[in-house]
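Chain by chain, the residues run as shown.
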There are 2 protein chains.
Amino acid sequence: MPGRPAITLDRSSPIPLYFQVAEQFEAAILSGAIAPGDRIDNEVDLARDLGLSRPTMRQAIQTLVDKGMLVRKRGVGTQVVHGKVRRSVELTSLYDDLARAGQEPRTEILHLRRSPADEETAQELRVAEGAEVWSLERLRFVGDEPLALMRNYLPIGLIDLAGADLEHHGLYATLRRSGILIRVARQRIGCRRATTAEATRLRERRGSPLLTMQRTAYDDAGQAVEFGRHAYRPELYSFDLTLVER
Amino acid sequence: MPGRPAITLDRSSPIPLYFQVAEQFEAAILSGAIAPGDRIDNEVDLARDLGLSRPTMRQAIQTLVDKGMLVRKRGVGTQVVHGKVRRSVELTSLYDDLARAGQEPRTEILHLRRSPADEETAQELRVAEGAEVWSLERLRFVGDEPLALMRNYLPIGLIDLAGADLEHHGLYATLRRSGILIRVARQRIGCRRATTAEATRLRERRGSPLLTMQRTAYDDAGQAVEFGRHAYRPELYSFDLTLVER
DNA sequence: GACCTTTTAATGTCAGGACAATTGCTTGAC
DNA sequence: GTCAAGCAATTGTCCTGACATTAAAAGGTC
C-alpha cells in the first residue's frame, strides 16, 4: 500500500529534478514495489513531502503518463496501469535494441558505396534524383540466424561513412558520435513476399512473408538524415508499441 | 517569413488556451502558411504578444513537438519539421481512419457471441482461462475489396455488445458512447501467412502474407477492456507512425 | 586569417500561487 | 430505501517570476 516509493533527490546533480523523480517512480513500478492498479499519492502532497513545487511534480508524473505507465483521472487520482510495460518503439536502431536484450547481435556489411539515388530515395532525402548518396546494405544476425536485411541511404556530406565502424556500432550510434542527433522519424510498417535475393540472404524460401519497415529520420534541424528500407524475418521480429491518448 | 500565424484566442471558451494556440499553429503548418524549415518566433515574444504566460505558450508548442511537427533546439529556436506529416498511429479504430479519409468503409459482422476465452485472451484481459468473454469477428471492406479481418475479445459486464450497431459505428466509437475511454493501448505488429479460412474471407490465396496486429487496450482505470487480433491485406494497408525523441 | 573569448538569444528548469472542473462520497430529504 | 444536493478530494489550467544551460554570433587577439 505504498502511495510512493522512497525517493532521494540530488539537487547538485545536473539531472533535472522531475527526471530524477520520474526515474525512481518508474523503477518502483517495474520492480513491483507499486502494484498495477495502485493509486499513488496526490500531486500536492508528493510535491510538499519531496520539497518540490507542484509543476515539477506534475512534470515528473507526466513523463510516466506519456510512457503509458500511469493514468490520471481528474477528481480521482493517478493509478499504475495494468499490463506489463513492453518496450515501445523508440528512436534507436535494431542493434541497440538487441544489445540491450543481451542477444549478441552481429552485423555483416554487404556493401557500402556511393550510388545515385532512386526516385523515392531522392524524394525522401530531398536531393535531386540521380544525385549521389551513401548506399549501405547490411545483414543482421542473432546468433547464427539472419534476422534482418537493411538498406540505408544517407546524403553525402553529412558524414563520411567510409571510415565508420558499422560492424560494431550500428548506424544510429555512428551518427550520434558524429554529433548528428535524430529527433523525428517517420516509419511505415508493412509486409510483402521475399524476393529471391532477399530469401537467399535471410535463409528463407522465395516468396516467404517478410515484415518491412521504411523509415525516414530527421535531425534537430529538420533535415532528412537517413532513409531506410528494412526487411525482417517475421518469426524473429515484431514491432511493439505503446499508444497513449492525450 | 511569418514567424507565427494569425491567432485568435477566445478566453470565454471552455477549450484550453494552450490547445487553441496549438490548433491554429497546426493548421498554419498543414496549410503551408508556415513552411518546413521556418523558425517560429521565440516563446517569450509569442507569449507576450498573445497575452499569455510563457508556460501556457510552452505547453502549446510542446503539444506540437510531441506530434512531431515542430523541433526545439535550446539556444537556437523552434523550427517546423520537414517532410509531410503522415497520420501517426493513433488510438482510433480502422473505421474512424477510413471514414476520415473519405473511403466509405463497410463492415460485415461475421459473428458476435459469448465464448470461453483462450489462454492468451484470458491473460491479456486478466480473466480466468475459459471464462466467458465477448467474441466479435468482423470483416472490413473498402469499396468492394475486403481489407481486414478483425477478431476482438471483450470482458463481459463492461458493455452489452448485443445491442450495439457495430456495422456502422466501429468498436471504439461504441465503447466511447458507453462512457468507456481508452487511454493506453499496447500493440504488436507482425506478419505471417494466411490460413485457408483467412484467405477465403480476404479473397487472398492461401499462404499469402498478411500484416497482423495484436492490441490490448486499457481504460482510464487501467483495466483491460479489449484484446484484438487483426489481419490486414498488405497491398491495402500499412501502419504509419511518427516517432519523436523526448 | 585563424583561434579564442565574450556576448546574446533562445529554450530548459523550477518555484509558488490561484482558481476551475470533475469525480466520488456523504448527508439529508422524502 | 432511494434519490438528489452538497462537500471534499484531486487533477487541469493559467499566472508571474527567476535562474540555468546551450548554441550561435560577434568581437578581439595573436
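Throughout what follows, the structure given in this document is the object of discussion. Predicted, not measured: the structure shown is a model, and the values here were computed from it. (Residues numbered from 1 in each chain as written. Chains lettered and ligands numbered in written order. Predicted model: local features only at pLDDT ≥ 70, side-chain atom pairs only at ≥ 80, totals over all residues. Heavy atoms only, no water.)

Bringing the overall build of chain A into the picture now. Helix and strand counts for chain A come out as eight helices and 10 strands. Here chain A holds 246 residues, and 51% of them are scored as buried. For chain A, the proportion of contacts with a sequence separation of at least 24, taken over those separated by at least 6, is 58%. On chain A, roughly 11,800 Å² of surface is accessible, and the fraction owed to carbon and sulfur atoms is 48%. (Helix = DSSP H or I, 4+ residues; strand = E, 2+ residues; numbered from the N terminus. Buried < 20%, exposed > 50% of the residue type's maximum accessible area, 1.4 Å probe, protein only. Contact = heavy atoms within 4.5 Å. Areas by Shrake-Rupley, 256 points an atom, 1.4 Å probe, with all protein chains shown as cover.)

Relating one copy of the chain to the other requires a rotation about an axis plus a shift along that axis. Taken as rigid bodies, chain B and chain A are interconverted by a rotation of 180° and an axial shift of 0.0 Å, the fit giving an RMSD of 0.2 Å. Look at the turn and shift together and you get a two-fold axis relating the two. No C-alpha of chain B lies nearer the rotation axis than that of Pro209 of chain B, which sits 2.5 Å from it. Taken together, the interface assignments show that 98% of the residues at the interface of chain B recur at the interface of chain A, consistent with an identical surface on both copies. (Least-squares fit on C-alpha atoms with pLDDT ≥ 70 in both.)

Turning our attention to the protein's contact with DNA strand C. Taken together, 25 residues surround DNA strand C, and among them Leu17, Thr56 and Arg74 of chain A together with Glu43 and Arg58 of chain B come closest. Sugar and phosphate atoms form 71% of the subset of DNA strand C atoms that lie within 4 Å of the protein. At 3.4 Å, a side-chain N or O of Arg54 of chain A approaches a base nitrogen of DNA strand C. Glu43 of chain B has a polar backbone atom sitting 2.8 Å from a phosphate oxygen of DNA strand C. If you list the elements that add at least two residues to the surface near DNA strand C, you get α1 (17-31) and α3 (54-66) of chain A together with α2 (43-50), α3 (54-67), β2 (70-73) and β3 (77-80) of chain B. Broken down by element, the residue count for the surface near DNA strand C peaks at three residues, all from α3 of chain A. Tallied by class, the residues present in the surface near DNA strand C amount to eight nonpolar, eight polar and nine charged. (Near = heavy atom within 4 Å. Polar contact = N/O pair within 3.5 Å; in protein donor to acceptor, adjacent residues only side chain to side chain. Nonpolar A, V, L, I, M, F, W, Y, C, P; charged D, E, K, R; others polar.)

Glancing now at the protein's contact with DNA strand D. Neighbouring DNA strand D are 26 residues; Glu43, Arg54 and Arg58 of chain A together with Leu17 and Thr56 of chain B lie closest to it. Taking Arg72 of chain A, its side chain carries an N or O atom lying 3.1 Å from a phosphate oxygen of DNA strand D. Elements with a contribution of two residues or more to the surface near DNA strand D: α2 (43-50), α3, β2 (70-73) and β3 (77-80) of chain A together with α1 (17-31) and α3 of chain B. Tallying contributions element by element places α3 of chain B first for the surface near DNA strand D, with three residues. Class assignment for the residues of the surface near DNA strand D results in eight nonpolar, eight polar and 10 charged.

Contact with chain B, which involves 50 residues of that partner, is made by 49 residues of chain A. Roughly 4,600 Å² is buried in total at the junction of chain B and chain A, and carbon and sulfur atoms are behind 50% of that figure. Taken together, the connections running from chain B to chain A amount to two salt bridges. Asp240 of chain A is paired through a salt bridge with Arg188 of chain B; the nearest N and O atoms lie 2.7 Å apart. Put simply, the parts of the chain that give the side of chain B that touches chain A at least two residues each are β2, α5 (119-125), β7 (182-193), β8 (209-219) and β10 (239-244) of chain B. (Buried area = accessible area lost by both parts, 1.4 Å probe. Salt bridge = Lys/Arg side-chain N within 4 Å of Asp/Glu carboxyl O.)

In total, this model carries 10 aromatic pairs over all chains according to the counting rule given. Measuring from centroid to centroid gives 5.5 Å for Tyr232 of chain A and Phe239 of chain A, while their planes differ by 90°, and the two rings are edge-to-face. On the accessibility criterion, Tyr232 of chain A (2% relative accessible area) is buried. Residue placement shows Arg114 of chain A over the ring face of Trp134 of chain A; its charged tip is 5.5 Å from the ring centre. If you follow Arg106 of chain B out to its NZ or CZ, it ends over the ring of Phe141 of chain B, 4.2 Å from the centre. (Phe/Tyr/Trp six-rings, centres within 6.5 Å; stacked < 30°, edge-to-face > 60°. Lys NZ or Arg CZ within 6 Å of the ring centre and 35° of its normal.)

We now examine the packing of α1 of chain A against α3 of chain A. All names here are of chain A. Following both chains from N to C, one finds α1 and α3 inclined at 45°, their axes separated by 8 Å at the closest point. By the criterion of interaxial angle, the relationship of α1 to α3 is oblique. Considering only the axes of α1 and α3, their crossing is right-handed. In this structure, α1 contributes Leu17, Tyr18, Val21, Ala22, Phe25 and Glu26 to the contact, and α3 contributes Thr56, Met57, Gln59, Ala60, Thr63 and Leu64. Broken down by class, the residue content of the contact of α1 with α3 amounts to eight nonpolar, three polar and one charged. (Axes fitted to C-alpha atoms, helices over the stretch in contact; angles between N-to-C directions. Parallel < 35°, antiparallel > 145°, perpendicular 65-115°, else oblique. Left-handed = near helix turned anticlockwise from the far one by under 90°.)

Residue and element names in this part refer to chain B. Read from one edge to the other, the open sheet built from three strands follows the order β1-β3-β2, with strand pairing classed as antiparallel. Bordering the open sheet on either side are β1 (39-40) and β2, each of which pairs with just one other strand. Sheet topology note: the β2/β3 ladder contains four bridges and is antiparallel. Along β3, the bridge assignment pairs Arg72 with Thr78. (Pairing = 2+ DSSP bridges.)

Before going further, it helps to examine unusual backbone geometry. Phi is positive for Arg126 of chain A, close to 60°, though the residue is something other than glycine. Relative to the elements of secondary structure, Arg126 of chain A occurs in the loop between α5 (119-125) and β5 (132-142).

Working note: a packed helix pair is described by the angle between its axes plus the distance between those axes. Residues and elements named next belong to chain A. Look at α2 against α3: their axes get within 9 Å of each other, and the N-to-C directions meet at 115°. Classified by the angle their axes make, α2 and α3 are roughly perpendicular. Here the hand of the crossing between α2 and α3 comes out right-handed. Contacts between α2 and α3 involve Glu43, Val44, Leu46, Ala47 and Leu50 from the first element and Arg54, Met57, Arg58 and Ile61 from the second.

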